[in-house]
Amino acid sequence: MPDIVDKKSNTYSADLGRFAKQLAHPNVGLFNHLRGISVVHGDLKHLTPKARTYLESNVELCQPERIHICDGSESENKHLLNLLQQQGTIVPLPKYQNCWLARTNPADIARVESKTFICTERRGDTIPTPKDGIKGTLGHWMSPADMDKAVKERFTGCMRGRTMYVVPFSMGPIGSPLSKIGIELTDSPYVVSSMRVMTRMGKAVLDELTTYDQFVKCLHSVGTPANGTIEMPSWPCDPERTIILHKPQENEIVSYGSGYGGNSLLGKKCFALRIGSTIAKREGWLAEHMLILGITNPKGEKKYIAAAFPSACGKTNLAMMNPSLPGYKIECVGDDIAWMRFDENGQLRAINPENGFFGVAPGTSNASNPNAMKTIFKNTIFTNVASTSDGGVFWEGMEKEINFDNVKITDWLGRPWVKGETKTPAAHPNSRFCSPAEQCPIIDPAWEASEGVPISAILFGGRRPAGVPLVYEAKNWRHGVFVGSAMRSEATAAAEHKGKVIMHDPFAMRPFFGYNFGQYLSHWLSMEQRSDKLPKIFHVNWFRKSSEGKFLWPGFGENSRVLDWILRRIDGEECAKETPIGLIPKPNTLNLEGMDEDVNMDELFDIPKAFWEEEAQSIDKYFKEQVGEDLPAAIDAELKNLKNRIDNM
Ligand code: GTP
Ligand code: SPV
Ligand code: MN
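Definitions and limits used
- Residues numbered from 1 in each chain as written.
- Chains lettered and ligands numbered in written order.
- Predicted model: local features only at pLDDT ≥ 70, side-chain atom pairs only at ≥ 80, totals over all residues.
- Heavy atoms only, no water.
- Phe/Tyr/Trp six-rings, centres within 6.5 Å; stacked < 30°, edge-to-face > 60°.
- Helix = DSSP H or I, 4+ residues; strand = E, 2+ residues; numbered from the N terminus.
- Buried < 20%, exposed > 50% of the residue type's maximum accessible area, 1.4 Å probe, protein only.
- Near = heavy atom within 4 Å.
- Polar contact = N/O pair within 3.5 Å; in protein donor to acceptor, adjacent residues only side chain to side chain.
- Axes fitted to C-alpha atoms, helices over the stretch in contact; angles between N-to-C directions.
- Parallel < 35°, antiparallel > 145°, perpendicular 65-115°, else oblique.
- Left-handed = near helix turned anticlockwise from the far one by under 90°.
- Contact = heavy atoms within 4.5 Å.
- Nonpolar A, V, L, I, M, F, W, Y, C, P; charged D, E, K, R; others polar.
- Areas by Shrake-Rupley, 256 points an atom, 1.4 Å probe, with all protein chains shown as cover.
- Lys, Arg positive; Asp, Glu negative; His and termini not counted.
- Salt bridge = Lys/Arg side-chain N within 4 Å of Asp/Glu carboxyl O.
- Core = buried A, V, L, I, M, F, W, Y, C linked by side-chain atoms within 4.5 Å.

Draft legend 1. Seen up close, the packing of aromatic side chains. In the structure shown here, the tally under the stated rule is 28 aromatic pairs. Here the aromatic rings of Tyr190 and Trp235 are separated by 4.8 Å at their centres, their planes lie at 70°, and the arrangement is edge-to-face. Within this pair, whereas Tyr190 is found in helix 6 (residues 189–198), its partner Trp235 is found in the loop between strand 13 (216–221) and strand 14 (243–247), the two being separated by 45 residues in sequence. Since its relative accessible area comes to 3%, Tyr190 is described here as buried. By relative accessible area, which is 3% here, Trp235 ends up buried. Centroid distance Phe507 to Tyr520: 5.0 Å. Interplanar angle 85°. Geometry classified as edge-to-face.

Here it is as structure tokens:
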């Protein structure tokens with residue numbers, strides 16, 4: 001490897017040793033320069049003409065000191081981890097194998113929805129027009145001229161003195177007809193290391209581009225504040241000027257100022273959902289914020305289910321569930337994103353475009369998610385969790401996993417933390433693990449199948465402390481699309497929202513729509529024309545609370561009981577009864593055998609008329625204020641039908 005880190009200056013040294021190595025290395029010639037900037041790793045010759053043009057124009061804009069073309073190799077990753085350690089971005093966690101802890105600038109800890117924009121010529125292509133005087137909540141639009149201005153202001157010379165990494169990555173298995181390629185240019189080695197976990201990254205992707213030179217352009221910089229002062233050198237960022245931009249027409253993403261998760265790992269929310277949903281609309285498929293799981297019943301029959309829950313509402317947990325119901329087996333295909341399309345037989349098929357899990361750490365334990373616990377203690381980058389004096393990690397929910405007498409805890413901000421004394425949480429509520437998917441002990445054998453897995457049911461769900469039953473089934477596809485459009489959930493720490501307000505979050509996609517939500521609904525409705533074998537749609541709620549504020553349902557592994565009922569519905573069993581909101585289990589058809597806890601089924605399945613009158617009104621208000629003219633007539637009709645059914649309760 002030609003890249004040597006100079007320990008004193010913390011940069012690549014241009015010493016003679018390297019010069020000699022370059023001469024000896026057939027692929028790295030003296031002429032490996034782009035606009036006078038030297039390529040210190042990788043070879044320009046491996047870039048396709050389009051990739052080279054994209055790199056060239058951004059080198060000119062960002063003016064990096066050097067270019068590193070990533071190959072995805074083990075040795076490259078070692079080098080990056082070394083560099084990150086020297087910069088103080090990560091510390092090793094010697095209790096585990098190849099695990100690291102990153103602490104961010106406390107101002108850079110979650111996605112920033114208010115600073116996320118979609119850029120189109122016409123505003124109406126991006127967002128519905130809200131009612132006069134109402135602030136739109138279904139995304140933010142920017143004009144191309146404003147985007148150009150925003151980019152120039154922030155990116156001109158933003159990589160001076162830094163390395164620009166060229167990160168070729170595939171969303172989905174390399175070579176699958178359902179996969180798409182991206183190239184992320186970034187000045188953050190943390191992003192490169194994380195992208196190596198979250199996507200298929202490196203040389204094989206550049207090779208793939210030589211047969212089909214199309215990729216999503218992803219430009220990222222952690223930025224430098226306007227006054228030139230980087231507050232926390234170990235985690236450079238520019239929170240004041242952070243901006244996340246998407247130009248669907250050009251398949252282009254530009255992200256500035258944040259190093260965190262969905263803001264910087266551009267394959268994830270920016271590409272796989274925002275740009276992905278616009279490509280999916282053009283090409284006739286669906287890009288969704290959904291987990292994918294395989295479930296095998298005691299008879300050995302296997303089906304696949306996709307489920308959309310908002311951020312921090314239980315996707316990772318459901319995807320890796322240890323079923324409490326005897327004889328059942330769950331296998332995980334993906335925990336966050338599903339790309340789905342109908343095959344020639346009209347069967348909906350899904351791939352997980354990701355290669356790793358960027359999961360919520362707090363709440364993860366051997367009791368709640370043992371499969372995640374078996375996944376995350378090797379080759380993992382933890383971000384903003386607490387650490388223990390014996391070189392391990394800690395977060396809220398892990399109390400039973402460590403012995404407090406033997407270890408001292410340091411919180412996510414680097415301060416001493418004492419159980420029962422310190423009032424603030426040890427780990428940030430949105431702290432995360434970033435682990436390779438293949439390490440999951442229950443990863444599905446078909447998780448990388450290039451044709452995807454067949455989907456039999458789609459679940460929608462959210463955190464609904466009141467009024468919404470554990471499970472109900474939509475009457476048909478159209479009603480199901482309405483149920484998705486009417487989703488609401490309590491706000492979580494995964495974004496910048498404050499407090500426990502119940503927010504509308506249609507399809508769990510509100511922060512991730514790449515185009516006008518009204519058109520998105522029409523697109524979903526149009527699936528009826530694509531197939532006569534549409535999956536059944538359900539709504540689930542693990543989070544209903546009693547009048548004393550306790551969860552009515554134990555959740556986690558016990559959710560297998562709900563999946564069992566869903567599978568029986570798919571098989572046509574008559575275990576459901578009609579209610580005004582949809583079909584719920586007939587009495588005694590939800591299998592509760594062997595449950596430790598007594599569950600108040602009446603309370604759990606109660607459908608209070610007053611609550612649903614209010615709910616329907618709130619949905620109506622939301623559609624009128626937020627979607628207006630763009631609301632498809634079929635969805636409006638479904639709402640009217642719901643209102644009628646509630647009136648007749
Ligand atoms: P993102 O990665 O942000 O998209 O989140 P996610 O949807 O994957 O959420 P995740 O599975 O990480 O769960 C978030 C939180 O919900 C954790 O604190 C879990 O402990 C909690 N949770 C998950 N499933 C259940 C459940 O069935 N019941 C209850 N009460 N809590 C749950
Ligand atoms: C989410 O917020 O839905 C996440 C985490 O999965 S992030 O990648 O930061 O978007
Ligand atoms: Mn998510």
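Draft legend 2. Molecular detail of the site of ligand 1. Of all residues adjacent to ligand 1, which total 22 residues, the nearest are Ala312, Lys315, Thr316, Asn317 and Arg432. In this structure, Asn317 approaches ligand 1 through a side-chain N or O atom, which is 2.8 Å from an oxygen atom. Between ligand 1 and the protein, one listed contact pairs an oxygen atom with a backbone N or O atom of Pro362 at 3.3 Å. The element that contributes the greatest number of residues to the shell around ligand 1 is helix 10 (residues 315–319), accounting for three residues.

Draft legend 3. Spatial organisation of unusual backbone geometry. Positioned with a positive phi, Arg35 is a non-glycine residue whose angle comes to about 50°. Residues other than glycine seldom take positive phi values, yet Phe507 does so here, at roughly 60°. Of note, Phe507 is situated in the loop between strand 32 (502–504) and helix 13 (517–525).

Draft legend 4. Main features of the packing of helix 16 (residues 609–627) against helix 17 (residues 633–647). Between helix 16 and helix 17, the shortest axis-to-axis distance is 10 Å and the interhelical angle comes to 160°. Of the possible angle classes, the one that applies to helix 16 and helix 17 is roughly antiparallel. Judged by the sense of rotation from one axis to the other, the crossing of helix 16 with helix 17 is left-handed. When helix 16 is examined against helix 17, the residues Lys609, Trp612, Glu613, Ala616, Ile619, Asp620 and Phe623 are found in contact with a partner set consisting of Ile635, Leu639, Leu642, Lys643, Ile646 and Asp647. When the residues that make up the contact of helix 16 with helix 17 are grouped by side-chain class, the tally is eight nonpolar, no polar and five charged.

Draft legend 5. Expanded view of the site of ligand 2. Around ligand 2 lies a shell of twelve residues, among which Arg111, Gly262, Lys268, Lys269 and Ser311 are the nearest. Gly262 is positioned such that a nitrogen or oxygen atom in its backbone is 2.9 Å from an oxygen atom of ligand 2. In the environment of ligand 2, an oxygen atom lies 2.5 Å from a nitrogen or oxygen atom belonging to the side chain of Ser311. In isolation ligand 2 has 290 Å² of accessible area, and contact with the protein removes 98% of it. Within the residue set of the shell around ligand 2, elements represented by two or more residues are helix 8 (261–264) and helix 9 (267–283). Counted by class, the shell around ligand 2 contains three nonpolar, four polar and five charged residues.

Draft legend 6. A look at the side chain of Asp213. Along the chain, Asp213 falls in the loop between helix 7 (203–209) and strand 13. Buried charged residue Asp213 carries no salt bridge. Nearest counter-charge: Lys50, at 5.4 Å. Not counting residues within four places of it along the chain, the set of residues in contact with Asp213 comprises Thr48, Pro49, Lys50 and Ala51.

Draft legend 7. The pattern of salt bridges, seen in detail. One pass over the structure, following the stated rule, counts 39 salt bridges. For Arg510, the salt bridge is made with Glu113, and the minimal N-O distance between the two is 2.7 Å. Residue Arg510 is located in the loop between strand 32 and helix 13, and its partner Glu113 is located in the loop between strand 7 (100–102) and strand 8 (116–119); the two are separated by 397 residues in the primary sequence. Overall, the relative accessible area of 10% leaves Arg510 in the buried class. Between Lys269 and Asp336 there is a salt bridge; the shortest N-O distance is 3.0 Å. Taken together, the residues span a long stretch of sequence, with Lys269 in helix 9 and Asp336 in the loop between strand 19 (329–334) and strand 20 (338–342) at a distance of 67 residues. Across this residue pair, the class does not change: Lys269 and Asp336 are buried. Salt bridges here are not isolated pairs; linked through shared partners, they connect Lys268, Lys269, Lys315, Asp336 and Glu354.

Draft legend 8. Inspection of the nonpolar core at higher detail. Residues Phe382, Trp395 and Ile566 are the most contacted members of the largest nonpolar core, which totals 166 residues. Of the residues forming this core, the biggest block, seven residues, is contributed by helix 9. Setting aside its immediate chain neighbours within four residues, Trp395 contacts Ala361, Pro362, Gly363, Thr364, Met373, Ile376, Phe377, Phe382, Val385 and Ala427. Membership of the second largest hydrophobic core comes to 36 residues, among which are Ile69, Met147, Val166 and Leu219.

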